[in-house]
Every structure is written in structure tokens, then in C-alpha cells.
Amino acid sequence: MEIWATRIKEDLSGLFRGKLDVSRVASIVYSQDGGVTREAPCGVALPEDAEDLVVLVQYCHEHSIPMTVRGAGTSLFGQSLGPGLIIDVSASMNRVLSMSERTVRVEPGITIDELNRRLRPYGREFGVYPLDSAVATVGGVVGVDGIGPHGLRHGAAHDHVASLQVMLARGTQFTAGLEPLAMPDRQAPENQPHQVKRTIICRLESILRNEAALIKASQPGVTLLRRGGYQLRGVLTEERLDLCRLLVGSEGTLGLYTGITLHTTPLPAHRGVLLLLCPTLDSAIEVVHQVRVMEPAACDLVDRRILTLARELDDRFLMIIPPTIEAAVLIEVTAETESECREQLTSLRRCTARIAEGHLTAYEANSPSDVEFLWSLSRKILPQLEKPRGGMRTVRIFDDLVVPPEALAEFLAKAHKAFQMADISAVMYSHAAMGVVHFRPLLTDRAAWPVAALEQLQYALYEAAWSLGGCIGSTQGLGSLRTSALREQYGSLCDIFKEVKNIFDPEGLLAPGHVVPAAARVGWGTAFPSASQQARAVEPIHFSGRELKSTFEQELPVQAPTGELVELCHSWPQGEAIEAVNACNGCGNCRREDRSHRMCPFFHVTHQEVSSPRAKAVVFRDTLSGRLAPETLTRPEMLPILNSCFNCQQCSLECPSHVDIPRMAIELKGQAAAQQGVSRVDWLLSRPDVWGPWGSWLAPVLNPLLNWSTFRRVLELLTGVARERRLPLFSRKSFLQQTAQQAVEVPQSASEPVAGQKKPLQPVVYFVDHFANYHDTELAMAFSRVLEHLGFELIVPKGQLASGMALISAGELPAARELALENLRVLAPHARDGLRIICTEPTAALCLKKEYPRLTQHPDAELVAQQTVEAGAFLAELAAQGRLPIPTEPLAMTPLRAVYHTPCHLKSLGERQPLLEICRLIPKLELHAVERGCSGMAGTFGLSSKNFQTSMKIGHELMETMRSRDWDFGVTECSGCRLQMTQRTATPTLHPIKLMAMAYGLMPELKARFKHQTRKYTLE
């Protein structure tokens, strides 16, 4: 295989402009999708555009290399897995090519939400948006002819596709649409696009006419949903052949989409949602039947388990959903006016009023926010079920079963019996008015799955659907996992599918084994395995410490580990590492691109799978299992994965399963650092306690030099600090030095009041961290004065060091552990006395509360963590107790407008912007919170020249916001965010504690900090 890898890279060098990765790491990263099986490819290609794709496809055709196209990689049944090369079109082929009044032409890799974001200003939308529309690509949805909850209104993908630009396995491109049967012969060579398309149409016409009776008997007439496989009925008319209709839903097995022209639809003027809570599942199904005739935009059904979880996760659902409810029906209507929308909802309530003897409970939503809240039952609550709870989790195995809507009750009864026979519980969610049902069995996450029982249950569900005229593969395709079941659904029509496949892809190079079973063939000698050999190299997923084999390939071998089991650098309790990696189900939600979600800032910039949190989970899993040799972590191909995490921790916060990806990334970095160390730049920047004292000692000389461009170039060469980065000045004396005389340890009797005096408030401890200690000593002074003003005695312990988060993020775990133990030695005595340990730096609070306990496993670590609190949270506690005076002094004579940025680590602490709410009480201050994603600074990450451009790209939107003339200054708790917010603007940024100190009249000298910055390279 290494010979093949070397040759393909050499052959395509200089020809293929995109990224080509044939390493073991790429094979592992692309070996899984959103389903439960694995298949390792031999390489991955990320083409830049259609021209780049031509070069790649022609090469693969010449050398008989199988190709499988991939979008977001969220498919459940192996559509994005395959042998040979995986062609990832989501990274670069994600552009809007053209737009007209009613159509839009796009590349296949653009996500549905991104496309609709572009269309929204024009009052249009692409109406097919499944539940994962934030990550699902247009090419993926068209490839499976997808349909979402609003299929009743918008139909399926094929209803919106006007034409397709298609590339065949030989590299030939043509436009596919509604084609005339009598295409003129242009006397062109046979391999020219026109002649190729003419030949395809002639051969298709012959097959479709000869097999018309079989096609008519096997595929029903006009229906909302297709039946899986290739859609053959309705493709041929007397004069035309709808080539586009055939290619939609072909799952990348007939051709690759390079351009997709879509019909757009007007945005609904008004939307209304009715939530009907039903005492029984039967009454819910009766509601569905009554509602269908009124033609709503959507009609979904959720079961008791989803409702129970909704009550647990959202207090609003707790208030409206009684615990006795067994099912709920979610109905949406659209109208041109709000009154018409309300009338439709009223009619729906009347229509269903007599069901269950009038015991239905109904809730209406008419405002956009209320509509989205009710739809969160499916978009937000349903994914939460995939998080392990009580040792159980839902698994997406039995999705996409379709029956005629009128047979829904009978099908659910048969399915319930099948689950009882298998002794397996499940969650059910259904697009009920369309007859689409998704079952997600509840399986243990700590023991082997009952594979035999699951297989029997699967076929029982398939048989139940087939017996009622239903099918599989209608909305989410077949992939490699369900292709072998297609013959039982279609019988001899599968032979026609094979003939169609042979017309477009006679060599069987496109997505082998999908829709049409792969046939044995001769590949590239011994350097590249044949398709049949590759298909049998499927790796069963490593789940909960056991191997779950492919549902249809029980006899597949398990690949032996390639390396030894590693000794973990982080302190993982027994079994916790396995549980952490098992929590990731590959759903791909971490690939979200909208900046309203911060997960993941690196993926927002690169759009590459290797930058996604999911990739780190896959690599960590295979490192644990021994499939990936530890020495692989030090190879160049691993750098894009290791370097695309700076421990912002937003992925674990926003992931539906709350997978602890940051800890996995730190472990991987720790493994690499243990083998080869870290770079000189990373070593230096992760140790502020080393250079901080020197900076303060040399401040009189160093601070002026930092504004000299020549010195900045020298500094970059010596230390790796980016010459363009605006740096903070050093304080001539650190805060710990300034308070050395006052930082006296509190004696045991300090909390006892002196006779005749009022009992003072309990003393508190201040953990300063490096930035407030060496750079922004004014912040530390402002905080101390605020607490003194509130009646607290502030203790600043001697000997405290930096928190060590920079060391942890760099993977230098031994050094971080040593530093943590020293800080624990200093802080633990105060924690034992019951004193609160307060941090003005959110990162420091997060490090003490979360990282120290699992880094050290020291008995004092948990005690210190329990007593640690972020400064804003501490002041919010006082405000809730009525002990925080309202600030009364304006910051300036004229009203001020400021913009507030929430630090990532403050979000990770679970705090809800406490200082923002407190500072809004300051007179003549208008404080606006904006969400522009991660700042991209991440402590010392953005300081280095190697990371500077990436940091700037991540923080671009936030910096552009700061450049607006609408704001007098910025506000944030994080010192790193402050550096980024001031990088491209003269507008200053302050810590909210400083605002409080000024508003209390404690530090009037700080008002000078409102002046605009005048220096290019440093912060004043």
C-alpha cells in the first residue's frame, strides 16, 4: 500500500491543486461516518474545483482506483465510506456559483444552512432542510433524494433540482436535465460529452422501454417519497428522458455532482406551530390522520422518551408537558398573514378536539422564537438522547423506515412487538404524515451489543414495512450497509439497477458496493487491492471496548492492532478514556459553520475534516486500541489534527453528547510531546512564569523596544512571537511584588470578630494568574479595591504561579502537573479553611476547577476546585443576596456605548455573563453583547508567528465588530480576547471589573484608559 501511496502522490504532483493525503492518519480519520460501521480508505482527496476534480477522476479511472464522494460524512449507512480514494467536496467545493430570481447554482459541498443564509436576503430558500441542515451538504441531500420535516410542503430534493452538472467515472462532464430522446448526432468523437450523453440516453431508453412492466409493478406511481435504489418510473416519456431525476438519489454511484441548479421557493411570510400532547400513542396517530387532510407544512410525532428528556433539559417544557403524556404531535402551518396562520391553527384544534375524549392538550406558537422553541423537540432534544445516560444511549441503526401513512398504526404495533421479542427498548421519532419512522434502540455503552438480536430485529422491522407496502432507503439512502437488503425489497428489479449502473460506470469505480453490490475485478496489480478485497476490509467499529461487526457482513475479520497499547499521559480513572471516546457517535454536529455556534473555530476556517473535533475522537480511539502506533503521532501528517485545537472547550460544551474532545486532544498532544518534546516557541510561550519576571525587571528598557519594528523582527526570530501582534506592556513591578507587604496569611482566628466590633465578611483568596500579575496590574488592583469596598478581606497568597493552562494546551503535561501541585500547595490550606478562591481570569478559574483534579488526582485538587469561583460569578452571588451595591457614578459625562464579548472559557464554566448584567447597571453606559464566535487568541496561541494568520482568521468577525465607530470601547473578562479585540483598532478594551471600580468611584485614574490606542505594536 505504501508503494501505491508514493506513486499516486508522485503522479499527481503539479497536476492536482487540491490536498491529497494517502497517510495512515487520513485513512483512520475518514474511516467512519455518522453510522455504526467503519471502512478505511486508502487515501483522501480534497479537490479545489471541478477542473481539479477532472484531473483526479481521470487518473483514478486510468488506474482503476475506486472513488467515493463525501460531503459532511453524516450518513448512517456508509454512503460516505468506501475503498480507494474518498473525495471530500465539503472543504473547497462549497461555493454559490450563480443566482437568479428563482434558481441558484451551487457546488455540492455547500451546507444547506449556509445556502439558505445566502438566499434569505432575497426572500428565498432551498426548502429541503433535514434535522442536520447545519452540517448536511446540498450534494449529500441530493445524492439520497433527502426530505426533511417540511416535506409535506416542500417535497423531496428531486422536486427542487432543475439540472445537474455531472462527471462520470472516466472524467467526462455534461449537464443532465430533461433531455430529448432524439438528440442530434454531431459527428464528434465518442468520448466527447455530447456523444457520451447521447449514448447514455439511447441505452437507458432501451432498458426502460423493455422493462416498463417490471418497473411499473415494482415502483409505485407518483408518490411523495421514492422507494430506495434508482428511481426508474416516470423517467421516460414519449419524447423525453428525465436524466436529472434518475441521477438524484443515486448516492454517487452513477456520477459525481460538480454543479447543482436548484429551484428556490419563497420564504413563508408567517409560521405557526401547534403542539398536541396526547395521552396515548394511538390517540397521537389518530391526530395525524385527522391533520393530514388539512395539508399542513409539517406533521411530526415524538414518543414519551423524547418528551421526558425535554422536561429534564428545559424548564419551559417541564411547565407545559405533564409526565403522563405518552406522545406528542408537532404540526406547522404557513400563511401570508398572521391572522390566517392563527385561523389555521384554530381549525386544527377544532379538527382534533374530539380525539381521546377531548383529553388533548394544545399549545400554540406564532412568534419565530416560540416556533423554534417547539421545533427544538426534534432539532435539539432528539440529539441529546445519543449522550450516554445511566449506562444507556440511543444508536442510529433503524432510521428511515417508510410505510403508507394510513398504515402507520399497524406498522408501529408490529414494530413494538418486534422490539419486545428482542428485549430491546427504543426511542421513536416520525415524520408521521409522510409515513417516515426512525427507531433508535437504547443500548448499553459499557458492554457488548446484542448483535444477533439487532440483526433479527432489523429484518423484522424491514419485513413489517414491506408487508404494508413500505420500503427502506427513501429518505436517507442505502449506502453499503443496506444494499444487500434491496433485492428483498425489489426482487429482479435489482438486475435492472445493475444494468443502469453499467451504463454510467461500467468499471464499477464509483462508490462500489452501494445500491448495486460490488463485483470482483482486477485492480492495480498487487499495489492496490481489488474492489472485492477492499469491501471485505471493512473495520467493525470499536465501541465500548468491543467490536461491533457490520450488520450485513458478520464474517468480516477484525483488523489487528498496528501498535502497542499506549500509556496515557493524562490522569484517566479506570475505564474513563474508553467511555469518553465511546461517547462520540460521529454525528458530525461539530462541523457546524455558523458563527452563532463556536464549535469549532478551526473548522470554521479550514472546512476540513482533519480540523473537526470528530477527527480527534477517531484518532484517539485508534490510539487507545493500538490500531494507530504511538510513533504516528509525531509524523507530519498528524500536525493538522494536533495543531487544530487550542483547548477553547466549546466542542464539549456544544456537542449533543458533550464528548470531551479537548481532553482527548490534550492527551494526543501529550503523547507526541512525550516522544519528541515541543518546539522552542511552544516551550517558551507556555511558561509565562519564566519570562514574566524578566519582562518586569527589564520593563524600562523592554517596553520602548517593543514599539520598534526592527526589534520586533529580532524578537520574532529569537522567540517566535509574531512581529505583527500588538503586545501588552510589562509592569515594572508585578502585582505580587506590589502586594508583598499586604499579602499576609490569615491566622486561624481571623474569622472571629473582635469584641465590640461588627463581624466582618469572610476573607477571600485572590488567584492572580500571570496576565494580571505581570501586565495588567491595574486589573488586580481594581479587583482588590472593589472587594475591600464590599467589606471583604482580600488574601493574595505568596508563592502562587500561573495557572498552567498554556502548558496543558501545549501537551506539556508533566510540567503542568508540577506547576499545578505547587499551586495546590499554596491554595489548599485556604480551601481547607473554607475560603473562596476567586479568579479574575476565566481561564484560571477553569484550570483550577476542571484541569487540576484530572491532571493531578491529588486529594486537595477537588477541594480547591470546589472553593474556586470566577470573579463575575462571585459578585453575582452577592447581587442575588442583596449585598452588591448598585454602581452610581457614570464613567463619563456623556453616554457611552460598549460592546461585550463572552470568553470561551467563561462559557465552559457555565456562567451566564454575570459581569455583563452587573455593568449594565452603570449609569450612562449602554452595553451590548455580541456573538462573533471565538476570538482566536486562546491565551498564547495567537502570539506565535506560526499561528498568527490562523488566529486572525478565527477572530476576524470580532475584530471587524471592534473597528466599527458605533462603540466607544470593548469589554471582556479574558486577557487573550482583549489582545485580539484591540489588534486592528485604536478602540480600547477593558475588563468589566475595571468598569465597576470606576463606577464605585474607587479608581478615577482608570478613566484615562478610555483614550484610543496610539501605538502600533503595544497596548497602552
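Just so it is clear, the structure is predicted and the values come from calculations on it, not from any experiment.

**Quick notes on the domain arrangement of the protein**
It is common to report an interface's size as the accessible area lost on association of the parts.
Move 1: Along its sequence, the protein is carved into domain 1 (1-88), domain 2 (96-266), domain 3 (268-371), domain 4 (576-677), domain 5 (686-740 + 760-881) and domain 6 (896-1016).
Move 2: Contacts between the two partners involve four residues from domain 2 and, on the opposite side, five residues from domain 4.
Move 3: Carbon and sulfur atoms make up 56% of the surface buried where domain 2 meets domain 4, a total of about 350 Å² over both sides.
Move 4: Of all residues in domain 2, Thr111, Ala134 and Val135 give up the largest surface area on contact with domain 4, accounting jointly for 84% of the area buried on that side.
Move 5: Where domain 2 touches domain 4, the interface holds zero residue pairs in polar contact (both at pLDDT 80 or more).

**A word on the packing of helix α32 (residues 777-789) against helix α43 (residues 992-999)**
Move 1: Two elements in contact, α32 and α43, have axes whose closest approach is 9 Å; the angle formed by their N-to-C orientations is 50°. In terms of orientation, α32 lies oblique with respect to α43. The element α32 and its partner α43 pack so that their crossing is left-handed. Side by side, α32 and α43 meet where Glu778, Leu779, Ala782, Phe783 and Val786 of the first sit next to Ile993, Lys994, Met996 and Ala997 of the second.
Move 2: Here the residues of the contact of α32 with α43 are counted per class, giving seven nonpolar, no polar and two charged.

**Observations concerning the packing of aromatic side chains**
Move 1: If you walk through the whole model with that rule in mind, you get 17 aromatic pairs.
Move 2: For the pair Phe411 and Phe439, a centre-to-centre distance of 6.1 Å together with 45° between the ring planes defines the contact as tilted. Residue Phe411 is found in helix α15 (residues 408-422), and its partner Phe439 is found in strand β21 (residues 436-444); the two are separated by 28 residues along the sequence.
Move 3: Relative to Tyr462, the ring of Tyr459 lies with its centre 6.0 Å away and its plane at 75°, an arrangement referred to as edge-to-face. Placement of both Tyr459 and Tyr462 in helix α16 (residues 451-467) is noted, with a separation of three residues, approximately one turn of the helix.
Move 4: The class for Tyr459 is partly exposed, based on a relative accessible area of 27%.
Move 5: According to the relative accessible area criterion, Tyr462 is buried, its value standing at 2%.
Move 6: Chaining the aromatic ring pairs together yields one cluster made of Phe398, Phe411, Phe419 and Phe439.
Move 7: A cation sits over an aromatic face here: Arg482 above Phe77, 3.7 Å from the ring centre.

**Things to note about the pattern of salt bridges**
Move 1: Overall, the coordinates contain 46 salt bridges when judged by the stated rule.
Move 2: Beyond isolated ion pairs, a larger network of salt bridges with shared partners links Arg38, Arg621, Asp622 and Arg627.

**Side note on the sheet that holds strand β4 (residues 85-88)**
Move 1: Here four strands make up an open sheet; going across it, the order is β1-β2-β4-β3 and the pairing mixed. Looking at strand neighbours, the two that pair on one side only are β1 (19-21) and β3 (67-70), the edges of this open sheet. Going from strand to strand, the sheet's axes swing by 20° on average, the running direction of each strand aside.
Move 2: The pairing of β1 with strand β2 (residues 43-46) spans three bridges and is classified as antiparallel. Each residue of the ladder has a partner; that of Leu20, found in β2, is Ala45.
Move 3: The strands touched by helix α3 (residues 50-62) within the sheet are β2, β3 and β4, with β4 carrying the most contacts at an inclination of about 165°.

**A few points about unusual backbone geometry**
Move 1: Along the chain, Met599 connects to Cys600 via a cis peptide bond; the corresponding omega equals -10°.
Move 2: Mapping Cys600 onto the fold places it in the loop between α20 (576-582) and α21 (601-606).
Move 3: With a phi angle near 70°, Val515 is a residue other than glycine that sits in the positive phi range.
Move 4: Tracing the backbone shows Val515 in the loop between α18 (493-504) and α19 (531-535).

What counts as what
Residues numbered from 1 in each chain as written. Predicted model: local features only at pLDDT ≥ 70, side-chain atom pairs only at ≥ 80, totals over all residues. Heavy atoms only, no water. Domains from an automatic or database assignment. Contact = heavy atoms within 4.5 Å. Buried area = accessible area lost by both parts, 1.4 Å probe. Polar contact = N/O pair within 3.5 Å; in protein donor to acceptor, adjacent residues only side chain to side chain. Axes fitted to C-alpha atoms, helices over the stretch in contact; angles between N-to-C directions. Helix = DSSP H or I, 4+ residues; strand = E, 2+ residues; numbered from the N terminus. Parallel < 35°, antiparallel > 145°, perpendicular 65-115°, else oblique. Left-handed = near helix turned anticlockwise from the far one by under 90°. Nonpolar A, V, L, I, M, F, W, Y, C, P; charged D, E, K, R; others polar. Phe/Tyr/Trp six-rings, centres within 6.5 Å; stacked < 30°, edge-to-face > 60°. Buried < 20%, exposed > 50% of the residue type's maximum accessible area, 1.4 Å probe, protein only. Lys NZ or Arg CZ within 6 Å of the ring centre and 35° of its normal. Salt bridge = Lys/Arg side-chain N within 4 Å of Asp/Glu carboxyl O. Pairing = 2+ DSSP bridges.

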